[in-house]
Amino acid sequence: MQRVAVIGAGPGGLYFAALAKKLAPHREITVWERDARDDAFGFGVVFSDETLDGIAQADPPVFAALSAEFARWSDIDVRYAGQVRTCGGHGFAALDRNRLRAVLQQRCAELGVDVRYRTPAPPVARLAADHDLVVAADGVRSATRAALAEAFRPELDERHCRYIWLATDKVFEAFTFIVEQYDFGALQVHAYPYSDRRSTFIVEMAEEAWRKAGFEEPAGRDLGRGQSDLPSVRRCEQLLAPHLDGHRLIPNASRWIRFTTVRNASWHHRNVVLLGDAAHTAHFSIGSGTKLALEDALALAAALQESPSLEGALAAYEAERRPVVESAQRAAQASLEWFETVGRHTGQGVEQFAFNLLTRSRRVTYGNLRARDAAFVDAVDAAYGGAVEGEPGGGSGGCAGGEAAGRGSTSGDATSGDAACGGTTSGDATSGDATAARTGPGGTAPDGGGGGGRAAVPPMFRPLRLGRLGLRNRIVVPPLATFTAVDGLPSGFDRAQLAAHVLGGAGLVFTGMTAVSAQGRATERCPGLWTDAQEAAWRSVVRAVRELGDTPLGIQLTHAGRRASSTVPGPDGIGRALADGWPTLAASPLPWEAAGPPPRPAAPAELAGVAADFAAAAARADRAGFDVLGLQFGHGHLVSGFLSPLTNHRTDRYGGPLEHRLRLALEVLAAVRAVWPAGKPVVVRVSAADWAPGGTTEAEAVAICRALADAGADALDVSTGEVVAHQEVPYGRGYQVPFADLIRHATGIPTIAVGAISGHDDANSVLLAGRADLVAVGRAQLYDPLWTLHAAAEQGYTGPGARWPQPWQPGSRRPPGPGADRVAPRLRLLPEAAVPVHRRWLPPHRPDTRPPDAGPPDAGSGAAGSRAAAGRPGADPPDAGRPDGPPGRAAHRPDGQPGHKPTEAVPN
């Protein structure tokens, strides 16, 4: 491979060219760039330690040149509701993107790379014919990708928010998230320093808020290449003046755009390969596209050196990088969706909001944050009911994240838990005085919080009252089918599984799906509750399990609808239609599988019979001794089939608009509520998304759940999918949690989060962030029926939220592993200096770049948190009961344009 063409002289293209030339000096490498060498585009870029380690190893001269100019810090500031919360221990390094490009330009020149500026690249077909390899590093709007679209098969997902990329001459001291609520909606800023003179400053808004704020008209003007939307820049400067302290916003080809997530089915075709944004993008709230591009460049150069063939090298490059990029994109997707719906969370208290923001991507978790900055997590714990049990404000549990848990659910007692559930901040006299007195930088507790350094109660072990039923913790064992029943009777294995999970410490344990009629069984091996014999069998099971513990027991009732009359699921988890099965009933004659027999559309009289079957089974469940009733209204079962527009094509009073499709669900729930005791909770499972075009929308899911809550549901088990066989589900850790979050905040009803939650760290994160009130752990309970108790042992928790059975008390501590008895000798003469948790970007000779007429710095600005964290004498604490900046400053426009903060004080 002698001749290499690189399209695009951004950091990714230049870094690849330098590395490839360094590894093989004989190569003829040419880089084409349409812009001039000195054209300045973009602002700062952020690097991870992993990327920097790679640069240091791959090309020490480049690393040395870059590291001399890095801005470094470890804190994240969250500015919200007029206050600042700081979390440390993260570690950032940033640099001016144009300085990065200049360093790489110099390195390419030293190595003899031919970089042709102001020279558009020839067509890719000609380059591919004339060169051994063509590297397309031509950005998010890659012309190469477009020209070879059939080969790369790109997917371009344009998102909903508008954002504008700016800089400011205010030098922030940390990565700073600003979230402000105006009369037009929420506005958020992602800001970070990248030199001793400037910071990146990205302003982002949801489309509706952006329009209401008056940005649509200036953004609609025709702008030439490189021009900026100056009216919008000035408007942002006015709205965000309290955070700029008299400094200006600096544009550079800045205009409102929507973020596009780029994915490609393939990254290479013959001798053409994509690199950086041409191959993939990840939302800026997670990390830098430049970071990913540099990692691509290193991996591609290494693969070319290691593989004997070009095809092998390109395949190895893609195989190595794709999993890394897809992991980053999953986290970025969760993050961008959180920011798209940030208004959902702006009613939260300050501590919880900060925690919610920091854990939005699911990469950073409760335990992860505690390892980085234990004082920050302790402060959040203490503010939301998680102080040490037995101390003031502790042990009552508080709400799962500090909000009102909603209808039918309370958390904690009237002394401390109820106050914590009200969304109070740490300065509240009822629930947070102790926290407020201890707060240090950014509102964290220097003494360890939650009781003088002792461990707080993990969120998963805080109690909850569901209806009139008290739960000792927030972990639910969901219905786990065993497919071992005969004639609808629960088997010995059903009894053993239920007993194991009761012993395992969960707060609530459900049996597997139980049919309300013979026709409603999913398989021949499913249990039922339509006969006296089945009722007696379940009563015997409950009685036997009650002898082992008092954990509340639930039973889920269902009619499988068109998913009935199938085989026991195989390894893929899907049952196939029985060759000689029984007739099935559904909303419309649509088989679950195309090859399966169609179900019979249910007549209204039959639907009345279904509701009666549910009611009769509910009465039997009550007599059998169950504490909680679950209703399966999701996963494509009968009621779910009526709710989804994909499976309900009826034209009668049970089909068409949503209020008609809801009719059967409400009739079943009403019939059940008429016989089920008022003091016992009813939990309804729904599929909040069908994962198929034309399926249930978010707005419809909210409307369905609100109607179910109004009709008597005490909580909603929010799942998704399994409604149609052609679904395309983005499986991943906690992938269904955002839907529980959506329903909880839109309706106020308690929710159960489900979906690939298998670690206690994720469960704690979901609960403390307020995304759900309970967490269902399914497959992990099959792996370890004592999952909850083991989670307590791993976290060092021994309180009432995790009660070990008396015979097993000797095993309640985590057993020591190999080498646990070894005591290491002292081998260091002087102790190693501890790495500080809080590190700010404080350039030693930072110039005062404020305009001459700006006046003195505002002593009441949000920089108070920064001063405190930096340890400057006389600094005010970040949360001293005053707003972040003068009341009303620059927020209310005299021309009546939207921009007034609804809750701000009257301007002086």
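Up top is the structure these notes are about.
We now turn to the structure provided with this report.

What counts, and where the lines are drawn
- Residues numbered from 1 in each chain as written.
- Predicted model: local features only at pLDDT ≥ 70, side-chain atom pairs only at ≥ 80, totals over all residues.
- Heavy atoms only, no water.
- Pairing = 2+ DSSP bridges.
- Helix = DSSP H or I, 4+ residues; strand = E, 2+ residues; numbered from the N terminus.
- Salt bridge = Lys/Arg side-chain N within 4 Å of Asp/Glu carboxyl O.
- Buried < 20%, exposed > 50% of the residue type's maximum accessible area, 1.4 Å probe, protein only.
- Expected span 1.5 Å × (residues − 1).
- Arc of directions from axis to C-beta.
- Axes fitted to C-alpha atoms, helices over the stretch in contact; angles between N-to-C directions.
- Parallel < 35°, antiparallel > 145°, perpendicular 65-115°, else oblique.
- Left-handed = near helix turned anticlockwise from the far one by under 90°.
- Contact = heavy atoms within 4.5 Å.
- Nonpolar A, V, L, I, M, F, W, Y, C, P; charged D, E, K, R; others polar.
- Phe/Tyr/Trp six-rings, centres within 6.5 Å; stacked < 30°, edge-to-face > 60°.

The strand order β8-β2-β1-β9-β17-β16 describes an open sheet built from six strands, whose pairing is mixed. The sheet is open, and its two borders are formed by β8 (114–116) and β16 (268–269), each paired with just one other strand. Across three bridges, strand β9 (residues 133–136) lies against strand β17 (residues 272–274) in parallel orientation. By the bridge assignment, Val134 is partnered in β17 with Val272.

Overall, the coordinates contain 49 salt bridges when judged by the stated rule. A salt bridge links Glu207 to Arg211, with the nearest nitrogen and oxygen atoms 2.5 Å apart. With Glu207 and Arg211 both in helix α8 (residues 207–212) and four residues apart, this pair spans about one turn of that helix. With a relative accessible area of 37%, Arg211 lands in the partly exposed category.

Moving on, we get to helix α20 (residues 532–546). Side chains three or four residues apart in an α-helix point the same way, a direct result of the helix having 3.6 residues per turn. The end-to-end C-alpha distance of α20 is 21 Å, a good match for the 21 Å that 15 residues give at a rise of 1.5 Å each. Those residues of α20 lying buried are Gln534, Glu535, Ala537, Trp538, Val541, Val542 and Val545. The arc enclosing the buried residues of α20, seen along the axis, measures out at 160°, which places them on a common side.

Another aspect to go through is the packing of helix α12 (residues 289–306) against helix α13 (residues 310–340). Packing of α12 against α13 brings their axes to within 8 Å, and their N-to-C directions diverge by 150°. Considering the angle they form, α12 stands roughly antiparallel to α13. Note on packing geometry: the crossing formed by α12 with α13 is right-handed. Along the contact surface, α12 presents Leu292, Glu295, Asp296, Ala299, Leu300, Ala303 and Leu304, while α13 presents Leu310, Ala313, Leu314, Ala316, Tyr317, Glu320, Arg321, Val324 and Val325. A breakdown of the residues in the contact of α12 with α13 according to their chemical character gives twelve nonpolar, no polar and four charged.

A word on the sheet that holds strand β7 (residues 92–96). A sheet is described by the order of its strands in space; here three strands give the open sequence β3-β7-β4, paired in antiparallel fashion. Each edge of the sheet is formed by a strand with only one pairing partner; in this case those strands are β3 (44–47) and β4 (71–73). Here the average twist between neighbouring strands, direction ignored, is 25°. Where β3 lies against β7, four bridges are found, and the strand directions are antiparallel. Following the sheet pairing, Gly44 is matched in β7 by Asp96.

One pass over the full model with this rule turns up 24 aromatic pairs. Between the aromatic rings of Trp338 and Phe353, the centroid separation amounts to 5.7 Å while the plane-to-plane angle is 55°, which identifies the pairing as tilted. Within this pair, whereas Trp338 is found in helix α13, its partner Phe353 is found in helix α14 (residues 350–358), the two being separated by 15 residues in sequence. You can call Phe353 buried: its relative accessible area is 0%. Centroid distance Phe355 to Tyr366: 6.3 Å. Interplanar angle 70°. Geometry classified as edge-to-face. Placement of the pair is Phe355 in helix α14 and Tyr366 in helix α15 (residues 366–372), with a sequence separation of eleven residues.

Turning to its location among the elements, Gln781 is positioned in helix α28 (residues 779–783). When its relative accessible area of 1% is taken as the criterion, Gln781 is described as buried. Residues in contact with Gln781, not counting those within four places in the same chain, are Ile475, Val477, Leu480, His501, Trp787 and Thr788.

Any functional reading would require information beyond the geometric quantities listed.
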